[in-house]
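Chain and residue survey
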Amino acid sequence: MEKIQVKLPEGKIIEVASGQKIQEVASSQGINSNVIAAKLDGAPVDLDRALSRDCSLDWISMNSPEGVDILRHSTAHLMAQAVQSLFPGTQVTIGPTIEDGFYYDFRREKSFAPEEIEKIEARMRELATLDLKVTREDMPREKAIGLFRGLGEEYKVEILREIPEETVSLYRQGDWLDLCRGPHVSSTGVIRAFKLTGVAGAYWRGDEKNEMLQRIYGTSWPTEEALREHLRLLEEAKKRDHRRLGKELGLFMVSDAIGPGLPLWLPKGAIVRSILERYIVDLERSLGYQHVYTPQLARVELYQRSGHWDHFKDNMYPPMLFEDKEELVLRPMNCPHHIMMYQHELHSYRDLPLRIAELGTMYRYERSGVLSGLSRVRAMTLNDAHIFCTPEQIQSEAVGVLRLIEQVYRDFGFTDYWHRLSLRDPKDRAKFVDSDAMWDNAESCLRHALSEVGVVYKEALGEAAYYGPKIDVQLNDVLGHGETVSTVQLDFYLPERFGLEYVDTDGQRKRPVMIHRGVVSTMERMMAFLIEHYAGNFPLWLAPVQVKVMTVTDQQKEYAQKVFEDLTRGGWRAQLDDRNEKLGYKIRQVQGERVPYAVVIGDREVRDQTVSPRRRGGEQLKPMSLKEFNDLLRLEVANKISHQQSAGS
Ligand code: TSB
Ligand code: ZN
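Okay, so let's go over this structure.

In the vicinity of ligand 1 lie 22 residues, with E366, V377, D384, S521 and T522 positioned nearest. Separating a nitrogen atom of ligand 1 from a backbone N or O atom of V377 is a distance of 2.9 Å. Residue Y467 places a side-chain N or O atom 3.1 Å away from a nitrogen atom belonging to ligand 1. With the chains in place, 95% of the 610 Å² that ligand 1 exposes on its own is no longer accessible. Elements with a contribution of two residues or more to the shell around ligand 1: β21 (379–389), β25 (482–491) and β28 (513–522). For the shell around ligand 1, the element with the highest residue contribution is β28, accounting for five residues.

Turning to the packing of aromatic side chains, a few remarks are in order. Per the counting criterion, the structure on display carries 19 aromatic pairs. Considering the side-chain rings of F106 and F112, the 5.9 Å spacing of their centres and the 75° angle between planes classify their relative orientation as edge-to-face. The exposure classification of F106 matches that of F112, with both residues buried. Pairing F432 with W439 gives two aromatic rings, centres 5.8 Å apart and planes at 85°, and the pair type is edge-to-face. As far as the burial class goes, F432 and W439 line up, both buried. Over the aromatic face of W221 sits the side chain of R72, whose NZ or CZ is 4.5 Å from the ring centroid. The ring of W265 is capped by R273, whose NZ or CZ atom sits 4.9 Å from the centre of that ring.

It is worth spelling out the sheet that holds β21 at this point. Pairing within the open sheet is mixed, and its eight strands lie in the order β16-β20-β21-β28-β25-β24-β22-β23. In this open sheet, the two strands that pair with only one neighbour each are β16 (290–291) and β23 (457–461). Of the pairings in the sheet, the one linking strand β22 (residues 417–423) to β23 comprises five bridges and is parallel in character. Looking across to β23, one finds that S422 is bridged to A460. Sheet strands in contact with helix α12 (residues 394–412) are β20 (354–363), β21, β22, β24 (470–476), β25 and β28, and its direction is about 5° off that of β28. Along the sheet, helix α13 (residues 436–453) makes contact with β22, β23, β24 and β25, crossing β22 at roughly 160°.

Membership of the largest hydrophobic core comes to 91 residues, with the highest contact counts inside it found for V408, F412 and F538. Not counting the four nearest positions on each side in its chain, F538 is found in contact with L251, V272, M527, L530, I531, A543, P544, P596 and R616. Core analysis: the next-biggest nonpolar cluster, separate from the first, contains 35 residues, M62, V83, V92 and A128 among them.

Among the residues making up helix α17 (residues 583–592), those that are buried are K586, I587 and V590. All buried residues of α17 lie within an arc of 100° about the axis, which places them on one face of the element. Packing partners of the buried residues in α17 comprise β29 (547–551), β30 (574–577), β31 (597–601) and β32 (612–615).

Attention now goes to the pattern of salt bridges. Tallying each qualifying case throughout the model produces 53 salt bridges. The partner of E116 in a salt bridge is K110, and the shortest N-O contact between them spans 4.0 Å. Assessed through its relative accessible area of 13%, E116 is described here as buried. By relative accessible area, K110 is classed as exposed at 52%. Between R125 and E121 there is a salt bridge; the shortest N-O distance is 3.0 Å.

Calculation criteria
- Residues numbered from 1 in each chain as written.
- Chains lettered and ligands numbered in written order.
- Predicted model: local features only at pLDDT ≥ 70, side-chain atom pairs only at ≥ 80, totals over all residues.
- Heavy atoms only, no water.
- Near = heavy atom within 4 Å.
- Polar contact = N/O pair within 3.5 Å; in protein donor to acceptor, adjacent residues only side chain to side chain.
- Areas by Shrake-Rupley, 256 points an atom, 1.4 Å probe, with all protein chains shown as cover.
- Helix = DSSP H or I, 4+ residues; strand = E, 2+ residues; numbered from the N terminus.
- Phe/Tyr/Trp six-rings, centres within 6.5 Å; stacked < 30°, edge-to-face > 60°.
- Buried < 20%, exposed > 50% of the residue type's maximum accessible area, 1.4 Å probe, protein only.
- Lys NZ or Arg CZ within 6 Å of the ring centre and 35° of its normal.
- Pairing = 2+ DSSP bridges.
- Contact = heavy atoms within 4.5 Å.
- Axes fitted to C-alpha atoms, helices over the stretch in contact; angles between N-to-C directions.
- Core = buried A, V, L, I, M, F, W, Y, C linked by side-chain atoms within 4.5 Å.
- Arc of directions from axis to C-beta.
- Salt bridge = Lys/Arg side-chain N within 4 Å of Asp/Glu carboxyl O.

Spelled out as structure tokens, the structure:
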């Protein structure tokens with residue numbers, strides 16, 4: 001029998017008979033049961049694959065990101081099998097994996113009722129218990145088209161028609177089969193810990209002109225414990241969801257009449273935003289930033305010159321033509337406006353670094369599918385700044401921004417974040433401007449800045465801005481998914497495009513460098529994040545309403561009114577609840593509104609001219625004078641203290 005050589009992950013080379021399956025190699029090597037697929041010369045394949053030539057093997061464990069993805073993909077198949085066995089006539093379309101799970105879109109007139117979802121899940125468990133073998137079969141495309149047509153699967157036929165390859169692969173388990181590239185688990189018994197998590201309508205190919213399909217979402221994990229923990233976090237994320245809390249707490253709204261991605265800030269949300277804005281503007285001014293105002297429109301030529309038109313057009317609203325000659329666009333970024341301001345006068349090295357900052361409102365055309373509450377919108381205001389500096393100043397300026405970010409995160413109490421060095425994809429010459437030397441230089445400057453601050457970072461190819469590499473600070477949400485909040489971007493390109501100059505010490509004209517940076521991100525994204533981070537329990541310094549004064553009975557109305565007025569005059573955001581309602585009811589309401597302090601005025605407080613504050617979490621403080629209460633509030637604001645969250649939330 002012919003022998004072949006197989007190189008194992010640790011470098012060991014073994015000889016096996018040609019035709020041996022990877023599964024057999026794995027067992028002979030005592031590989032543990034968490035391995036659910038393998039890499040054959042780097043390409044992921046099923047364990048059932050037979051080896052026919054010298055090769056190298058690598059194991060894919062269920063606990064690795066790649067492995068869990070395969071597991072989820074196989075679980076999507078299991079779900080489709082269950083659906084088709086329970087509801088004959090339902091057609092399958094596509095069923096990809098997504099972050100933390102998978103979905104499958106089905107063609108069925110009716111949407112799936114909750115009882116039906118339960119049934120599907122139960123059927124999946126039965127099919128998993130049967131431990132059906134999952135096998136792959138390669139087939140000429142034409143034959144596969146005939147096969148699926150015979151099964152009445154029109155969508156698969158349509159998909160197959162668009163596949164360029166002459167041979168396609170099918171996966172079978174029991175009497176069910178699907179068109180799929182794989183790889184998959186070797187048998188359905190491997191799938192143990194899963195749950196169906198939701199249903200939604202979805203258009204075929206995501207196009208609203210097409211028919212509506214029924215999408216079922218699910219999740220799948222290597223162990224029961226991992227599944228349980230994920231479901232717990234999902235619950236927590238749901239409770240904190242800024243779209244739900246934003247509505248419940250009256251912070252912001254979206255209106256269909258205005259349009260998706262164009263949020264409206266309600267009075268309470270507007271208070272939080274204005275505090276946020278004042279906070280960052282004051283901090284930046286103290287660090288030498290100069291805040292400016294510039295318009296949200298500009299001639300389209302400005303963005304042609306900056307390169308946005310070539311590299312960022314997909315995210316820009318089309319120009320508006322006025323009087324047949326003047327074409328204006330809504331700006332997608334603020335940089336060109338600040339560049340014009342820099343060019344307004346001749347600068348010398350003494351002016352640098354020049355830090356031009358703005359709460360700059362800008363507009364981006366984001367596809368409707370990616371819009372989400374406040375965290376991804378189409379109209380937004382960025383805590384933006386462009387630092388114009390000499391090449392020698394790059395590192396200290398970048399370090400300064402990284403330190404500012406750390407300070408801001410400390411003030412907000414953010415601890416779960418990480419740095420990402422976002423680099424271009426050198427193969428993508430369209431998305432990123434084309435100059436190897438420039439990119440290499442900029443990249444090394446950012447690495448130096450990161451190492452000076454001493455932060456560890458991950459690198460991400462293809463995540464750079466078109467004009468240069470950046471350091472993005474990713475804040476994790478409850479589910480551990482990071483989203484870019486702060487960013488520090490190094491740019492040699494725009495100064496070149498606009499021919500920027502400064503006069504150096506030797507009298508020579510030189511080219512400055514630009515650092516684009518955002519610290520608190522857009523007000524929109526930051527607000528979304530803050531709501532979820534605090535679960536709606538804003539610390540005192542940010543809370544839209546800080547103190548609610550409430551009476552027990554009408555007897556205390558007069559004194560309560562005085563306390564309320566004193567607090568308001570003292571600059572506190574206070575409300576008065578002197579309605580003739582039960583105290584328990586009023587307290588429940590103030591807890592629901594997540595107001596940090598409730599001040600209940602009873603007969604004793606009237607008699608002693610005191611207040612008895614009660615913290616959001618339920619902690620009752622001793623009676624104190626109004627002055628003492630003021631001092632306590634002032635200290636809490638000064639230290640940006642965040643007390644525990646309310647008991648019931
Ligand atoms: C920092 N020109 C630079 C600026 O000078 C710039 O615009 N960079 S950006 O494109 O990365 O955007 C800055 C930040 O805005 C991002 O890091 C992100 O936090 C936030 N942001 C981007 N797009 C959106 C959006 N659609 N909705 C909400 N916030 C967004
Ligand atoms: Zn910029």
